[in-house]
Amino acid sequence: GNGDSKTTPLKEKEPESTATDTKTTTVKAAFVSLVRNQDLQEIVETVRNLEDRFNSKFHYPYVFLNNEPFTPEFKSAISNVISSTVDFGLIPPAHWSYPEWIDQEKAATVRQTADYIYGDSESYRHMCRYESGFFWRHELLDKFDWYWRVEPSTKLHCNVDYDVFQWMQDNNKMYGFTVSIKEFESTIKTLWSTTKEFLDANPKFIAKDNMMDFISNDKGKTYNLCHFWSNFEVANLNFWRSEAYQEYFDYLDKKGGFFYERWGDAPVHSIAASLFLSSDQVHYFPDIGYFHNPYNNCPLDQSIWQKGKCSCEPMWDFTFQTYSCTNEYYDFKKLKKPDGWKKFRN
Ligand code: GDP
Ligand code: MN
């Protein structure tokens, strides 16, 4: 690495290549962040915290993506706080615009009447479609197998002292999450019926040991709205690049629900991971203390909390609250719950 312990003041920034050149790991991984120029202050805070809690030990590179060019101020402020290399990418217009089969007037009418969060937003819909179907096709990610999604205003509460990407690879995981939650039904009215049409036509994609019983309480008849919160993801890009996922995304995209409803990338990713992966390829991180407004993943386990020097209060933890789905995830996977989980249930 390029030595955070250097004491010489006013030392010039080292050439950007040194950090990754000396890496011994074979894991091809990067942080990926879709952001706007106006998110600069929030993302710099987040990245600096990520460096302090994790990346100052591992020096994984960053990729920033935007539908508009990043400003020189944005690039220099990011470069100033990281211990690794960074690429800034522009999203091709074809990945952030309406497919020709979408009726844009119908989409506009939906936005005028939708009564759910971000219901009136056109850019939010492009964002959700991009995170579902396109970020993993960006050429800056071609050389990577793994990514860790980073959003502005998020925070790591605890030190992460092991190489999370290496751990995922060594343990045959494909998708890792910190928070799960139930979706607003009004945003995805036809997502499940569309998914079932796809599954009926493509049963070969359904994994044998899948997590259908985590996302459905009636063997697949209905969706229980549980999903992994996608603002944090550590996952394998090759899953999104798989035939199963690409065909699933294309099927959803043709139906238009990203624009005629407000399908989120979180339920889309989660349904795919739950059905096309075997359940042991999905991992919950009890040890990665995490915050995205308004919820926290804060370790209830005393020894994890102490070892990680966590700055969160376990009583703020969302994991076992009613609106989370992680309690059901523990049940589904028959995992041992930490002491104290019951006080979050009423
Ligand atoms: P929420 O977490 O669902 O409330 O949505 P956010 O506002 O946090 O957006 C999700 C992610 O997409 C964040 O990383 C945002 O910075 C990013 N994002 C949202 N809209 C846009 C956009 O129009 N352009 C770009 N470049 N990024 C966006
Ligand atoms: Mn967010």
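First, a word on scope: everything that follows refers to the structure included in this document. Residue indices follow the written sequence of each chain, beginning from 1 at its first position. Chains and ligands are labelled sequentially in the order written, the chains with letters from A and the ligands with numbers from 1. Thresholds applied to this predicted model are a pLDDT of at least 70 for local features of residues and 80 or more for the giving and counting of side-chain atom pairs; totals over whole chains, interfaces and linings are not thresholded and use all residues.

In this section: the overall build of the protein. Comment: elements are numbered from the N terminus, with helices defined as DSSP H or I runs of at least four residues and strands as E runs of at least two. Per the secondary structure count, the protein includes 14 helices and 12 strands. C-alpha atoms define the radius of gyration, and 2.2 Å times the number of residues to the power 0.38 defines the globule rule. Here the C-alpha radius of gyration of the protein, 20 Å, is about what a compact globule of 346 residues would show, namely 20 Å. A principal-axis box enclosing the C-alpha atoms of the protein has dimensions of 60 × 50 × 35 Å. In this description, any two residues whose backbone-derived C-beta atoms lie within 7 Å of each other are considered to be in contact. Once local pairs closer than 6 in sequence are excluded, the contacts in the protein between residues at least 24 apart make up 80%.

Here we take up the pairing of strand β3 (residues 86-90). Think of it this way: DSSP has to see at least two bridges between two strands before they count as a pair. Pairing of strand β2 (residues 62-66) with β3, which is carried by five bridges, proceeds in the parallel orientation. Directly across from Val-63, in β3, lies its bridge partner Asp-87. Here a crossover is taken to be right-handed if, once the strands point away from the viewer, the path from the first strand over the helix to the second is traced clockwise. Remark: the β2/helix α3 (residues 72-81)/β3 crossover connection has right-handed handedness.

This part takes up the site of ligand 1. For each residue, a C-beta atom is placed from the backbone, and the residue counts as near a molecule or strand when that atom lies within 6 Å of it. What surrounds ligand 1 is the set Leu-34, Val-35, Arg-36, Asp-39, Asn-66, Asn-67, Ser-123, Tyr-124, Met-127, Glu-151, Pro-152 and Asn-231. Among the elements that take part in the shell around ligand 1, helix α5 (residues 122-133) stands out by supplying three residues, more than any other. Counted by class, the shell around ligand 1 contains five nonpolar, four polar and three charged residues. All residues other than Ala, Val, Leu, Ile, Met, Phe, Trp, Tyr, Cys, Pro, Asp, Glu, Lys and Arg, Gly among them, are scored as polar; the first ten of these are nonpolar and the last four charged.

At a minimum axis distance of 8 Å, the contact between α5 and helix α12 (residues 265-276) shows a crossing angle of 20°. Taken together, the axis directions place α5 and α12 in an arrangement best described as roughly parallel. As α5 packs across α12, the resulting crossing turns out to be right-handed. Between α5, through Cys-128, Glu-131 and Ser-132, and α12, the contact on the second element is made entirely by Asp-265, Val-268 and His-269. Looking at the contact of α5 with α12, its residues break down into two nonpolar, two polar and two charged. Fitted lines through C-alpha atoms serve as axes, helices being fitted only where they are in contact, and the angles separating the N-to-C directions of these axes extend from 0 to 180 degrees. Should an angle fall under 35 degrees it is taken as roughly parallel, and over 145 as roughly antiparallel, whereas 65 to 115 is taken as roughly perpendicular and any remaining angle as oblique. The sense of a crossing depends on the near helix, which, turned anticlockwise from the far helix by less than a right angle, makes the crossing left-handed and, turned clockwise, makes it right-handed.

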